[in-house]
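# Chains, contacts and geometry: an overview
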Amino acid sequence: MWAHSTLVQAGLLLGAGVGSGLALYWWLKRHNGGTNATSTTCLGSTESSNQSVTGPCGFAVEGIEGLIGNTPMVKLKALSKATGCDIYAKCEMLNPGGSSKDRIALEIVRAAEKDGRLQPGGTLVEGTAGSTGISLALLARARGYKCLIVMADDMAQEKEIMLRTLGAEVKRVKAVSIVNRDHFCNVAKRLAETMPNAVWADQFETASNFAAHYKTTGPEILRQTNGKLDAFVMAAGTGGTLSGVGAALHDANPSIQVALIDPPGSSLYYKVKSGVLYAPQQAERTLLRNRYDTITEGIGIDRLTANFNRGLSHITEAFRGTDLEAVNMAYYLIKHEGLFVGSSSAMNVVGAVKMAQKLGQGHVIVTCLCDQGHRSMSKLYNNDFLAERSLLPTIGEDPNDLSFILKPDSA
């Protein structure tokens, strides 16, 4: 069993090493151009254009915005061998803000600027589990705005620390159901309405969320796989990524399976399977009007968002995942793939394995690594926290042993 302190050190070492690796990665990805590189200039020159400029000095993008998107895709070698399928993961955690939320934050900000809702010196306001707030805070700094983030009090402390470090104001509220006026999204909306020159990002409902992934993430996956994939699997929070990517994939090839992996307490599995929003943990006799206390953050929801609904017709399958499966997968990915990811990424990979079990050997499956592990140190990588919830990992030395993953029909 790895000690929590050892993983903290590992997280710091990985974080320290990410800078040089990302510098090389961003250089390489811009060598092939980028969908978000609106203006690129070769360092040391005065030329500017809409294309990447190459030369003896390499090339550069125009601001942090140019670094968003065009993330690499990695084959998960151990899992591919263990399942007999080629399992690939799109590394969304290599966006500059550390998550896929950079894409929607940029789309939201650009849309608000274009229609005049956001003026110079204005404030970006959002209710978030953390990652979208971090993306908005970075863009606010880069574009001269202020940022106010409302978070539930059960979100990881490290996310709040990061937000404050980035200059955002953070307001913590009690974790309650969306029907409660004090839910973090409802509080954020009210605050934005009372502030001058403020925009509520509204990530759950805004069309900018779906659009960002339909226009960029989906086409990138098609290019990176040469269109040769059998399935795409991931969890949903706002639903924008799964819906946007699913719609883009089906526009190219309707036979691609698009699947949801749903954490405990979420209602979306039953929505896909039977058309009814329901979760066993929210049965009437036990209803507490607050979210189920799952270890995952930013995924799972007990209502139908506009973004999930936009792509619902493209979601062809759904699986249920457990907290223990996600924990074990997170530790498996460190031990056997050398990847340090957060809880939502781990759940996504659980979904990929379940899809491999369903389809059988010889298929190509894609998922997303949408967050980094350093945002989950106080929970996912904290042995005391896990022990209190009977969630200590049990993976062994054999990378082919996936017995910790329940069969799709028994989760």
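Our structure's up above, just so we're on the same page.
For the structure given in this document, a descriptive report is provided here. As the structure is a computational prediction, the values presented were derived from the model and not from experiment.

### Details of the pattern of salt bridges
Under the defined criterion, the tally for this structure stands at 19 salt bridges. Across the pair Glu-325 and Lys-354 runs a salt bridge whose closest N-O atoms are separated by 2.9 Å. Taken together, the residues Glu-325 in helix H11 (residues 323-337) and Lys-354 in helix H12 (residues 343-359) connect sequence positions 29 residues apart. Lys-354 matches Glu-325 in its accessibility class, with the two residues each being buried. Here the salt bridges share partners, and the residues they tie into one network are Lys-90, Glu-92, Arg-103 and Glu-220.

### Here we look at the sheet that holds strand E3 (residues 123-127)
Spatially, the four strands line up as an open sheet ordered E5-E4-E3-E6, and their pairing is parallel. The sheet is open, and its two edges are formed by strand E5 (169-173) and strand E6 (198-200), each paired on a single side. With direction set aside, neighbouring strand axes in the sheet form an average angle of 20 degrees. Two strands pair when backbone bridges link them, and E3 and E6 are joined in this way by three bridges, in the parallel orientation. Looking at the pairing, Thr-123 lines up with Ala-198 of E6. Relative to the sheet, helix H5 (residues 157-165) contacts strand E4 (146-152) and E5, its axis offset from that of E5 by approximately 155 degrees.

### Quick notes on the packing of aromatic side chains
Enumeration according to the criterion identifies five aromatic pairs in this entry. With 5.9 Å between their ring centres and 45 degrees between their planes, Tyr-332 and Phe-404 make a pair best called tilted. Here the residue Tyr-332 occupies a position in helix H11, and Phe-404 occupies one in the segment after helix H13 (383-388), the gap between them amounting to 72 residues. Grouping residues by exposure puts Tyr-332 and Phe-404 together as buried.

Scoring rules and cut-offs
- Residues numbered from 1 in each chain as written.
- Predicted model: local features only at pLDDT ≥ 70, side-chain atom pairs only at ≥ 80, totals over all residues.
- Heavy atoms only, no water.
- Salt bridge = Lys/Arg side-chain N within 4 Å of Asp/Glu carboxyl O.
- Helix = DSSP H or I, 4+ residues; strand = E, 2+ residues; numbered from the N terminus.
- Buried < 20%, exposed > 50% of the residue type's maximum accessible area, 1.4 Å probe, protein only.
- Pairing = 2+ DSSP bridges.
- Axes fitted to C-alpha atoms, helices over the stretch in contact; angles between N-to-C directions.
- Contact = heavy atoms within 4.5 Å.
- Phe/Tyr/Trp six-rings, centres within 6.5 Å; stacked < 30°, edge-to-face > 60°.

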